[in-house]
Structure formats: C-alpha cells, structure tokens
Amino acid sequence: MKLHGEACIEATHRRKDGKEIPIEASVNMVEFDGQQYFLAVVRDISERKEKELKAIEAQNLDPLTNLPNRRLLESQLKQLAGECRNKGEKIAFMYVDIDNFKSLNDQHGHVVGDNILTEFAKRLQDFTRQSDLVGRLGGDEFLIVLPGLNSREHVLSIARHILQVTSHSIDVGESELIPINVSLGATLCDSQELNCVRAVSVADKAMYVAKTREGSACHFLDIDHD
C-alpha cells in the first residue's frame, strides 16, 4: 500500500441523534493492489473546541468583574440578535452607571472602589436571566441586553427591579457600608431592524437623563429619539 500525501480538514458532522459536532479528518490518497482509495481518519474535537472557546472568552472577560468586555459583548450581541430575529422578539438595552463613582473611589481608595464594582457586577448577574447579556463597558458603566421584553412598561418594570437590587449599600469589609445611587437608561428595539450602536447610544442618553434626578433613577427613550 502506498500513501500519496495527506490533508487535514475541520468540519461539522451531524450525529444520528441530530446533534452537530466539530470533527477533524485526516485524509490520505492510498494505492492498494493497483487501485486508488481515499482513507480518512475522523476525530471528534468537541472537547478541544470547547477549551479553545473558553480560552478566547477568558481573553475577552473583564479581569475585575469577570463580565464580558466590549469585544466579547459585541460578538454575543450578534448571536443574540440573530436568535431574536428568528423568534420575532424585541430586545431591550439598558445602560447602567454608578453615580459619583469617581468621588467614592477617591474618598475610599481603589481597593474599595474595586470591591464596589465587583459586588455591583455580581448583583447584576444574580438578577438577570441566563438569556440576558451583561457586560462592563469600562469604569463604572455596564450594559444589560434583555431579549423578549415587549413594551416600554415591561422595560421600565424590569429597570425598577434592577435599581432595587443594585442600589442598596455595599459592604466593603470591616463592617463598612458604602451607600450608592444608580442611574439606568433604557430603550427597546425591533430585532428585525436592530442597530446595536444606535441602541447603546440611545440607552446612554437615557441614562444621562436619569442622572438629573435625585437618588437612583431610570429613564426610557424611544429608539428613534434624536
């Protein structure tokens, strides 16, 4: 039997149960008894691909809060938008900011500031659903993306609940409680005509309106707001 070169390819294979898995195939052209044949050795590389994905995600997670950073959030948003388009669902965007965080950081120090951000991120994660996206945009600014909300009233109801669970004082150790206020801006988008950059911008503008109010507050702006 003679070998005539080798090629290695990656592809997707559908199992008998319908599940698709990634595979790697080593393909050779062989000669046997004067006839040429293709010889392929196929391996399931699901475990390897999962490790690669985790490594990529780890590189794109905020090291302090372990939330997705902008790059990973953009990638996850594309996938979520596609799923919502298929289901005909709307998507809510919420831009969240801790009021006067720089002053808190300057007053209590960076260690306390980091503790505040870490606990705040944990509260957001604990409240939101598995289908929602939560990411840190930078500093004390966070983005929450929630599929399946269908009206302004629905969005504002969820926003008020978020304020309730995130606005109470944060324990930073040694029995010290730091009171915080939170501003939240929200908008609601049709997934069929989704422009993520615009949605985030409108939610950001709504958040600055909320900041003009006393204490923790939320504000909603329509996606076509100028």
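See the structure above.
Student: Break down the nonpolar core for me, citing the residues and quoting the values.
Tutor: One finds Met94, Ile116 and Leu184 to be the most contacted residues of the largest nonpolar core, which totals 34 residues. Contributions of two or more residues to this core are made by strand E4 (90-98), helix H3 (101-108), helix H4 (110-127), strand E6 (141-147), helix H5 (152-166), strand E9 (182-190) and strand E10 (217-220). Excluding residues that lie within four positions of it along the chain, Leu184 makes contacts with Met94, Tyr95, Val96, Ala159, Ile162, Leu163, Met207, Ala210, Ala217, Cys218 and His219. In terms of nonpolar packing, the next biggest core, distinct from the first, is built from 18 residues, Leu80, Ala81, Leu133 and Leu143 among them.

Student: Go over the environment of Asp114 with me, naming the residues and quoting the values.
Tutor: Structurally, Asp114 can be placed in helix H4. A sequence separation of 26 residues divides Asp114 from Asp140, and the C-alpha atoms of the two residues are 9.8 Å apart.

Student: Describe the side chain of Thr187, listing the residues and the values that go with them.
Tutor: Along the polypeptide, Thr187 turns up in strand E9. With a relative accessible area of 0%, Thr187 lands in the buried category. Among the polar contacts listed, one links the side chain of Thr187 to the backbone oxygen of Leu221, at a separation of 2.7 Å. Within polar-contact distance, the side chain of Thr187 engages the backbone nitrogen of Ile223 at 3.3 Å. In this structure, Thr187 is in contact with Ile91, Ala92, Phe93, Ala199, Val202, Ala203, Phe220, Leu221, Asp222 and Ile223, ignoring residues within four places of it in sequence.

Student: How would you sum up the pairing of E6? Please name residues and give values.
Tutor: Most of E6 is tucked away: 7 of the 7 residues are buried. The sheet contact formed by E4 and E6 spans 7 bridges and is antiparallel. Within E6, the position partnered with Val96 by the bridge is Phe142. Bridge analysis of strand E5 (residues 133-138) against E6 gives 5 bridges, and the strand direction is antiparallel. Its bridge partner lying in E6, Gly138 is registered against Glu141. The hairpin turn running from E5 into E6, its antiparallel successor, is 2 residues long, and Gly139 in that turn takes a positive phi close to 55°.

Student: Before we move on, can you summarise the packing of H3 against H4 with the specific residues and values?
Tutor: Between H3 and H4, whose axes approach to 6 Å, the crossing angle comes to 135°. The orientation of H3 with respect to H4, classified from their angle, is oblique. Where H3 abuts H4, its residues Phe101, Leu104, Asn105 and His108 lie against His110, Val112, Gly113, Ile116 and Leu117. Each residue belonging to the contact of H3 with H4 can be placed in one class, and the counts come to 5 nonpolar, 4 polar and no charged.

Student: An account of the pattern of salt bridges is needed here, citing residue identities and associated values.
Tutor: Within this structure, the stated rule accounts for 12 salt bridges. Glu24 is the salt-bridge partner of Arg48, the closest N and O atoms lying 3.3 Å from each other. Of the two residues, Arg48 is situated in helix H1 (residues 46-59) and Glu24 in strand E2 (residues 20-32); the sequence distance between them amounts to 24 residues. Since its relative accessible area comes to 12%, Glu24 is described here as buried. In this structure, Glu119 and Arg123 form a salt bridge, with 3.1 Å as the shortest nitrogen-oxygen distance. Of this pair, Glu119 and Arg123 both sit in helix H4, 4 residues apart, roughly one helical turn. A residue is classified by how much of its surface remains accessible, and Arg123, at 9% relative accessible area, is buried. Connected through shared salt-bridge partners, Glu10, Glu24, Arg43 and Arg48 make up one network.

Student: Kindly report on the sheet that holds E6, identifying the contributing residues and their values.
Tutor: Each strand in a sheet pairs with another by means of backbone hydrogen bonds, the pair being arranged parallel or else antiparallel. Pairing is mixed in the open sheet, where 5 strands are placed in the order E5-E6-E4-E9-E10. In this open sheet, the two edge strands, each paired with only one partner strand, are E5 and E10. The mean inter-strand angle of the sheet, taken between neighbouring strand axes irrespective of direction, is 20°. Relative to E5, helix H2 (residues 70-87) is tilted by about 150°, and along the sheet it contacts E4, E5 and E6. Lying over the sheet, helix H6 (residues 196-211) contacts E4, E6, E9 and E10, oriented at roughly 145° with respect to E9.

Parameters and conventions
Residues numbered from 1 in each chain as written. Predicted model: local features only at pLDDT ≥ 70, side-chain atom pairs only at ≥ 80, totals over all residues. Heavy atoms only, no water. Core = buried A, V, L, I, M, F, W, Y, C linked by side-chain atoms within 4.5 Å. Buried < 20%, exposed > 50% of the residue type's maximum accessible area, 1.4 Å probe, protein only. Helix = DSSP H or I, 4+ residues; strand = E, 2+ residues; numbered from the N terminus. Contact = heavy atoms within 4.5 Å. Polar contact = N/O pair within 3.5 Å; in protein donor to acceptor, adjacent residues only side chain to side chain. Pairing = 2+ DSSP bridges. Axes fitted to C-alpha atoms, helices over the stretch in contact; angles between N-to-C directions. Parallel < 35°, antiparallel > 145°, perpendicular 65-115°, else oblique. Nonpolar A, V, L, I, M, F, W, Y, C, P; charged D, E, K, R; others polar. Salt bridge = Lys/Arg side-chain N within 4 Å of Asp/Glu carboxyl O.

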